[in-house]
Amino acid sequence: MDVLQLLSWACIVFTVGMFSTGLTDLKTMREHKSTDNIQFLPFLTTCLNNLGWLFYGMLKRDQTIILVNVIGALLQILYIIMYFHYTKHKRLVMSQTVAAGTVLTCGWLYFGMFLPEGESRLSQLGLTCSVVTVSMYMSPLTDLVQIVRSGNVQCLSFPLTVATFFTSTSWVLYGLQLNDYYIVVPNTPGIFTSLIRFCLFWKFSSANQSSPSYRPLHI
């Protein structure tokens with residue numbers, strides 16, 4: 001097994017494991033028949049991100065990217081369906097889903113029909129997916145600032161932080177092997193945010209931490 005194939009398997013295992021963290025929220029919803037304290041938008045934005053990278057993987061003919069994001073998208077759709085089933089705010093959830101579907105349709109028309117086939121389409125799609133992924137990684141930074149101020153890390157999950165670190169690292173190494181910086185750049189922030197969380201755990205570690213809440217991931 002060569003290095004690229006080994007990194008490919010690492011990306012698949014770590015990323016699918018990360019997407020599966022949403023099963024914790026799914027279990028909570030089923031047990032309590034409620035979506036209280038569970039956010040909907042991370043499921044929706046991660047699904048859009050998965051579908052964008054899936055299209056990128058199909059254009060690039062990269063089986064690793066395709067497999068990871070097919071599994072990821074299916075899991076997010078499952079979470080979305082279950083959330084809609086248990087939420088009391090069905091109208092809001094539906095409107096957000098319709099808005100996301102509209103964005104997805106416009107993106108498909110632009111990248112799939114408006115742009116000519118070839119390097120231009122792949123580059124623009126890769127850049128768009130990279131920007132979305134970076135924004136998703138950077139969005140929890142405000143929460144980290146609040147944690148620094150309060151000294152309370154109970155809202156963070158150490159296992160999820162470890163998974164994020166290994167997932168991001170494996171994708172960065174995989175992208176470097178392919179010389180694909182549309183893979184390298186958006187996953188680099190995941191390494192740094194994980195290191196920040198490790199520092200917060202080391203500084204503000206608590207004996208009693210709550211169950212991890214779902215966080216959007218990645219490529």
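Residues numbered from 1 in each chain as written. Predicted model: local features only at pLDDT ≥ 70, side-chain atom pairs only at ≥ 80, totals over all residues. Heavy atoms only, no water.

J.: Any details on the overall build of the protein? Residues and values, ideally.
T.: A count of helices and strands for the protein gives nine helices and zero strands. Traced from its N-terminal end to its C-terminal end, the protein shows the element sequence α-α-α-α-α-α-α-α-α. Taking all 219 residues of the protein together, the buried fraction comes to 43%. The long-range share in the protein, meaning contacts at least 24 apart out of those at least 6 apart in sequence, stands at 81%. Only carbon and sulfur atoms are counted for the fraction: they give 67% of the accessible area of the protein, which is about 11800 Å². (Helix = DSSP H or I, 4+ residues; strand = E, 2+ residues; numbered from the N terminus. Buried < 20%, exposed > 50% of the residue type's maximum accessible area, 1.4 Å probe, protein only. Contact = heavy atoms within 4.5 Å. Areas by Shrake-Rupley, 256 points an atom, 1.4 Å probe, with all protein chains shown as cover.)

J.: Requested: an account of the UniProt feature "transmembrane region" (unreviewed entry) in the protein, with residues and values cited.
T.: Per the UniProt record, the feature "transmembrane region" (unreviewed entry) sits at residues 6-26, 38-59, 65-86, 98-116, 153-175 and 181-202. Counting secondary structure, residues 65-86 comes out at 100% helix and 0% strand; the distance between its end C-alpha atoms is 32 Å. The span residues 181-202 carries 100% helix and 0% strand; its end-to-end C-alpha distance comes to 32 Å. (UniProt positions renumbered as here; feature names shortened; annotations may be inferred.)

J.: Describe the environment of Asn 37, naming the residues involved and giving the relevant values.
T.: Secondary-structure assignment places Asn 37 in the loop between helix H2 (22-32) and helix H3 (41-60). Measuring from C-alpha to C-alpha, the distance between Asn 37 and Asp 25 comes to 9.5 Å, with twelve residues separating the pair along the chain.

J.: Give me the packing of aromatic side chains: which residues, what numbers.
T.: To describe a pair of aromatic rings, you give the distance between the ring centres and the angle between the ring planes. Following the criterion strictly, the structure yields eleven aromatic pairs and no others. Between Phe 14 and Phe 166, the ring centres sit 5.5 Å apart and the planes meet at 20 degrees, which makes this aromatic pair stacked. Of this pair, Phe 14 sits in helix H1 (residues 3-19) while Phe 166 sits in helix H8 (residues 158-178); the two residues are 152 residues apart in sequence, bridging distant segments of the chain. Phe 14 gets classed as partly exposed once you look at its relative accessible area, which sits at 32%. For Phe 166, a relative accessible area of 40% translates into the label partly exposed. Aromatic pair Tyr 56 and Tyr 182: ring centres 6.5 Å apart, planes at 80 degrees, arrangement edge-to-face. Here Tyr 56 is found in helix H3, whereas its partner Tyr 182 is found in helix H9 (residues 181-204), with 126 residues between them in sequence. By relative accessible area, Tyr 56 is classed as buried at 1%. Residue classification places Tyr 182 among the partly exposed residues on the basis of a relative accessible area of 27%. (Phe/Tyr/Trp six-rings, centres within 6.5 Å; stacked < 30°, edge-to-face > 60°.)

J.: Quick one: what's the story with the packing of H8 against H9, residue by residue and with numbers?
T.: Their axes nearest at 8 Å, the elements H8 and H9 cross at an angle of 150 degrees. With respect to each other, H8 and H9 are oriented roughly antiparallel. Judged by the twist between their axes, the crossing of H8 over H9 is left-handed. For the contact of H8 with H9, the residue count by class is 15 nonpolar, nine polar and one charged. (Axes fitted to C-alpha atoms, helices over the stretch in contact; angles between N-to-C directions. Parallel < 35°, antiparallel > 145°, perpendicular 65-115°, else oblique. Left-handed = near helix turned anticlockwise from the far one by under 90°. Nonpolar A, V, L, I, M, F, W, Y, C, P; charged D, E, K, R; others polar.)

J.: Outline the confidence of the model for the protein, listing residues and values.
T.: Per-residue pLDDT for the protein averages 86, and the proportion of residues at 70 or more is 89%. Highest mean pLDDT in the protein belongs to helix H4 (residues 63-86) (95); lowest belongs to helix H7 (residues 141-150) (70). In this model residues 207-217 is a low-confidence stretch, pLDDT under 50, and it forms 35 contacts with partners more than four residues away in sequence or in other chains. (pLDDT = per-residue confidence, 0-100.)

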